[in-house]
Amino acid sequence: MPTDVPAPGVPELLGLDQLHPEQRAAATHGEGPLLIVAGAGTGKTQVVTQRIAWLISTKRARPEQVLALTFTDKAAAEMESRVDQLVPYGLVGATISTFNAFCDRLVREHAVELGLTSRLRVETEAEILVFLRERLFELGLQRYLPLGRPDAHLRAFLSLFDRARNEDVSPERYAEFAERLDSEAGDDPARRDRAESELEKARVFANYEALLHTAGRVDFGSQIALALRLLRERPHVLRSVRDQYRWILVDEFQDTNHVQFELVRLLAGERRNLTVVGDDDQSIYRFRGARIENLLGFLEAYPDARQVLLVRNHRSGQSILDQAHRLVRVNDPHRLEARRGWDKRLLAQRTAEDGSTLAGVVEHQTFQTGRDEAEWVAATIAEGLAAGRRPRDFAVLARAHGHLDPFALALQGRGIRFRRSTAQGLYSRSEVLLCLNALRTVADPDSGAAHPLLGHPLFGADAVDLARLGQRARRTNRGFLEVALAAADDTDGRLTEASVAAVRRFATLHAELCALALQRPTSEVLYRFVTESGLLASLVADETNHEALEQVRNLDKLFQITARVGPLLREDRVEAFIAHLDLLIEMGDDPAAAEVDTDEDAVVLLTAHAAKGLEFPEVFLVNLVEQRFPQQPKGEGMALPPELRSVANPTPEDALDEHYREERRLFYVGMTRAKDRLVLTHAVDYGGKRAARRSRFVSEALGLPATPKGARGASALQSIQRFAPVPEPTAAAPAPLPPGTSLTLSHSQIDTWNRCPLQYRFAHVAHVPLPPNPTLMYGNALHHAIQIWHQHRIRGLPIHLEDALEAFDSQWSNEGFLSREHEDRLLAKGHETIRRFVESDIASGRTPLAVETEFRFKVGADTVVGRWDRIDERREGIVLVDYKSSEVEDPERADERVKDSLREGQLGLYALAYLELRQVMPARVELRFVGTERVASRPVDGAALDHARERIRAAADGIRSQTFTATPSPRTCRMCDYRLLCPQSVTR
């Protein structure tokens, strides 16, 4: 059995020698369960990543045997990046994922075991609500079906089902419980009423899941429940997954719910190599089902678990830590510190130049009105900036997004750049509204959607003219566009020349869009609008306009939505799309707008929840009054029966106390974001009828006496000022990335940068949307069919030509074709290509070593990612095969393609990846043109691999510079997808 002693040289290589003893003990723990209780700022993520790297570097685990689970894509990406930098040979291969992503992949891979399709659609709550509204009378609703508004309770049902799944309650278990209530109710009216209510909920739960699964859809909550069901009901799958993942780590364990804990316990099995990291004082997601009890439950499930307590704080001054600890101790005796007899007081490790521990500063400020509070905070930040501080050194934290609005106004008034997340949803963005209004005029020309379109600078109609036209349309009960066209044709001169030109130009474009919409999908109509109107060209024309860059990204998100919604419709046409999208919006759907650069140098405005995991030199915790922080508890709507909960159901008084304990923990999280200075602020008057009372948490943290109940608030002006428009922050210009910044690059990114940095900006920074590309779709469909064919052959599973054709058809899309005949011919060609491929592959008698295998390797500080189409083991050695859908007949042309790809492109990079990861030089690389069955290959030499390394380094250094200078040439521009938009294209 391996010991806990690292291999020679490993500590220094991994940086273990720089960890303090408790961190090192956790990172180098051997086999068996491990609980790491990591206080705020104690290096939790560092310990987890060091542990993964240590397991791999000391050969206790192969990379593919490590599974690390967390809660956000951002946290998973950060962890993966850190491990990339630590593992000496750059090979990661560990699965570092969110719970949902891991379970989604598991369910898709084994969907047949659950009687599901592998092409499951994971849908948002709004999409699920629309889906259910269309099938309302299939749910079995009776008492919860008010005829005046029959869909009134759907959202409450979804919340109930989500809580049930979080508690590991299946529809079958819910039905058993409801039937037991029914059998025990007797003649008691109250018990009979409750039993009938629960019977209906159980019936709707079962019907809901059946409807979703029949339609190939799942919601986020069911991903984990399905994965757990799969592992419980299919022992061979459980054995396979356990054999693969022998070491399991869970980050933010205090945020797990009951079903997630059950999942990781099942995965750990008898090996019990389970590491969990958490802090009960930072458990702030009970509304999502998180159970702080899981930390204690871990020790009950694994009483022999090693326990490591991290209390050395590397972030904050000691005074800040002491005040935060005084606050959170009010939650005793419900904390681990009180229950286990631990000492969780955080000890500051940051020191001044003279070696003394930095104390930090905690201040408290009171103001008369909320506006005074916001203006003071903005003025204080302005003073700091004048003294040489950077904007990013300051953060303003509040309990809710709306509480940050006055501070955004105050910062804007002083010209201070700020950044706030999710301040505005996608559908509220002006550029997205413009596009949606264009589609609405196509779906309904008589709607008023043409009004804001004509007033947009793209068309430039006079605002007064538009107001008059709008009034005339309402007065005459005619469509706005009809009235505008009539006025433009009138020679009485009532419309200005600008308005006449705007109306006629839009009318021409509108007629084109309507004609296109009769035959083509929504995405094509949308693309015609953004290009023909000049919107897209105007946004990409200025390479230094970073607000325009943000708008382009938002348009790209809108195109992704059209691609997502289209397949849901009976026919993907604008009218049906707009009707469906408006239903989604009615149900509360509003995706977050794009964020260009989360590291821009700007003051940060965040909610306390969103600030978790971040740190700032100076933090202003604002609006600290009762009803705001803490907030009042909210009802559940439909509560999950207490008998179905995994922990004892609290009394109403206990539930209220737990609500305020969690609010207190959230306040603690906000306090511990501050490094040097923490300022707690509140005002007496926020415009309400009564004066606001200082938050109990301020009193608890600072040891102040509680404030008496206040008198009536006096400021009517303050109430009016709350309606001031909230500014959106302007996008900051991205600065060059520091030289040591690690990048993750694909072949496409490297190739695009080396070809033209401006093209790279269009494709990988701005994500400029492109029209649907049938050629690209065709190639992807061929690759998918070939992948399915090979995967079955490798595993010895039966597969036939019809299966390969079905796989090809499953990836087919009718977008982007010139005509129906164009689509039919390409579809027929694809079927014929698949037939020839299958016949050829069977005749060859050769089975690949592997197909569709992902890789990651490092060149310097950078990670290169990609996927090998096929790996063959032949007499001469390893051969890397790449499939191409392009039709190349000429042998010389095929040979030239493989030569170029080895020396300057994809195959050279893929060969380097194989050498770096497998320590074996591939013998050959090969291109297979499946459309013509032409094959061309080349031997791999060291010069090609050296050149691939150089191309990677050149691209990485260039991308870090953030300088996107175009390198136009006739050949480059002719092949560029953005040639019609690029102001520097030589083909324009």
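The structure contained in this document is the topic of the report that follows. (Residues numbered from 1 in each chain as written. Predicted model: local features only at pLDDT ≥ 70, side-chain atom pairs only at ≥ 80, totals over all residues. Heavy atoms only, no water.)

### Some details on the overall build of the protein
To be explicit about the condition: Helical segments are the DSSP runs of H or I of at least four residues, strand segments are the runs of E of at least two, and each set is numbered from the N terminus. For the radius of gyration, the atoms used are the C-alpha atoms, and the globule rule reads 2.2 Å times the number of residues raised to 0.38. We call a residue buried when its accessible area falls under 20% of the maximum for its residue type, exposed when it is over 50%, and partly exposed in between, using a 1.4 Å probe and counting protein chains only. A contact between two residues is defined here by any heavy atoms of the two lying within 4.5 Å.
A count of helices and strands for the protein gives 38 helices and 22 strands. Taken over the C-alpha trace, the protein has a radius of gyration of 31 Å; the compact-globule value for 988 residues is 30 Å, and the two agree within 12%. Here the C-alpha coordinates of the protein stretch approximately 95 × 85 × 80 Å along the principal axes. Within the protein, buried positions represent 52% of all 988 residues. Considering only intrachain contacts with a sequence separation of at least 6, the fraction spanning at least 24 residues in the protein is 76%.

### Some thoughts on the sheet that holds strand S15 (residues 616-621)
Note the cut-off: Two strands are counted as paired when DSSP detects at least two bridges linking them. Every axis corresponds to a line fitted to the C-alpha atoms, with the helix fit spanning only the stretch in contact, and the corresponding angles, defined between N-to-C directions, vary from 0 to 180 degrees.
Strand order across the open sheet formed by 6 strands is S11-S16-S15-S12-S14-S13, with parallel pairing between neighbours. Only two strands of the sheet have a single neighbouring strand rather than two, namely strand S11 (361-369) and strand S13 (418-420). Between one strand axis and the next, the sheet turns by 20° as a mean value, whatever way the strands run. The pairing of strand S12 (residues 394-398) with strand S14 (residues 603-607) spans 4 bridges and is classified as parallel. Bridging across to S14, Ala395 finds its partner in Val604. The strands touched by helix H17 (residues 405-413) are S12, S13 and S14; relative to S13, the strand with the most contacts, the crossing angle is about 160°.

### Brief notes about empty space enclosed by the protein
Using the following cut-off: Here a cavity means grid points, on a 1 Å grid over the protein atoms only, where a 1.4 Å probe fits yet cannot get out; a pocket means an open set of points with protein on both sides within 12 Å along at least five of seven lines; lining residues are those with an atom within 4 Å of a point. Grid points are joined across faces, edges and corners, and a volume is the space filled by probe spheres set on the points. Residues are grouped as follows: nonpolar covers Ala, Val, Leu, Ile, Met, Phe, Trp, Tyr, Cys and Pro; charged covers Asp, Glu, Lys and Arg; every other residue, Gly included, is treated as polar.
For the structure shown, the criterion picks out 4 cavities of 30 Å³ or more. The computed volume of the second largest cavity comes to approximately 100 Å³. Cys756, Gln759, Cys973, Cys976 and Cys982 are, among the 14 residues lining the second largest cavity, the residues nearest its centre. Within the residue set of the lining of the second largest cavity, elements represented by two or more residues are helix H31 (757-765) and helix H38 (970-974). Here the lining of the second largest cavity gets 3 residues from one element, more than from any other, and that element is H31. Split by residue class, the lining of the second largest cavity holds 9 nonpolar, 4 polar and 1 charged.

### What about the side chain of Lys44?
The condition is simple: Nitrogen and oxygen atoms within 3.5 Å of one another constitute a polar contact, given that in protein one can donate a hydrogen and the other can accept it, and given that sequence-neighbouring residues count only through two side-chain atoms.
Within the fold, Lys44 resides in helix H3 (residues 44-57). Within polar-contact distance, the side chain of Lys44 engages the side chain of Asp251 at 3.1 Å. Each residue touching Lys44, except ones within four places of it in the same chain, is listed here: Ala38, Asp251, Glu252 and Val277.

### Let's talk about helix H34 (residues 820-844)
Condition: The span you would expect from a helix comes to 1.5 Å times its residue count less one.
Over its 25 residues, H34 extends 36 Å from the first C-alpha to the last, a length consistent with the 36 Å expected when each residue adds 1.5 Å. Looking at the buried residues of H34, the elements they touch are helix H32 (774-795), helix H33 (801-810), strand S19 (862-874) and strand S20 (877-884). Immediately beyond the C-terminal end of H34, within one or two residues, lies Gly845, with a positive phi of roughly 65°.

### Details of the sheet that holds strand S8 (residues 306-310)
Taken together, the 6 strands give an open sheet; going across it, the order is S3-S2-S6-S7-S1-S8, and neighbouring strands pair in parallel fashion. Each edge of the open sheet is held by one strand with a lone partner, namely strand S3 (95-98) and S8. Neighbour-to-neighbour, the strand axes of this sheet turn through a mean angle of 15°, independent of strand direction. H3 rests against strand S1 (34-38), strand S2 (66-70), S3, strand S6 (247-250), strand S7 (274-278) and S8 of the sheet, and its axis sits at about 170° to S6.

### Overview of the packing of aromatic side chains
The following threshold applies: Paired rings are identified among Phe, Tyr and Trp, the last through its six-membered ring, by centres lying within 6.5 Å, and are further divided according to the angle between planes into stacked (under 30 degrees), edge-to-face (over 60) and tilted (the rest).
By the definition in use, this model includes 30 aromatic pairs. When the ring of Phe161 is compared with that of Phe205, the centres are 4.6 Å apart and the planes differ by 5°; the resulting orientation is stacked. Remark: Phe205 occurs in helix H9 (residues 189-214) and Phe161 occurs in helix H7 (residues 154-166); sequence separation between them is 44 residues. The pair formed by Phe161 and Phe205 is uniform in burial state, with each residue classed as buried. Taking 6.1 Å as the distance between ring centres and 85° as the angle between the ring planes, the aromatic pair formed by Phe837 and Tyr883 counts as edge-to-face. In this pair, Phe837 sits in helix H34 while Tyr883 sits in strand S20, placing the two residues 46 residues apart along the sequence.

### A short note on helix H30 (residues 747-755)
Listing the buried residues of H30 in full gives His747, Gln749, Ile750, Thr752 and Trp753. Buried residues along H30 sit in contact with strand S17 (744-746), H31, S19, helix H36 (906-918) and helix H37 (942-961).

### Here we look at the nonpolar core
Applicable threshold: To define a nonpolar core, start from buried Ala, Val, Leu, Ile, Met, Phe, Trp, Tyr and Cys residues and group those joined through side-chain atoms within 4.5 Å.
With 141 residues, the main nonpolar core has Phe529 and Phe857 as its most contacted residues. If we skip the residues at most four places from it in the chain, Phe529 touches Leu434, Cys435, Ala438, Leu453, Phe459, Leu509 and Leu513. Among the nonpolar cores identified, the runner-up in size contains 45 residues, and Phe102, Ile248, Val250 and Phe298 belong to it.

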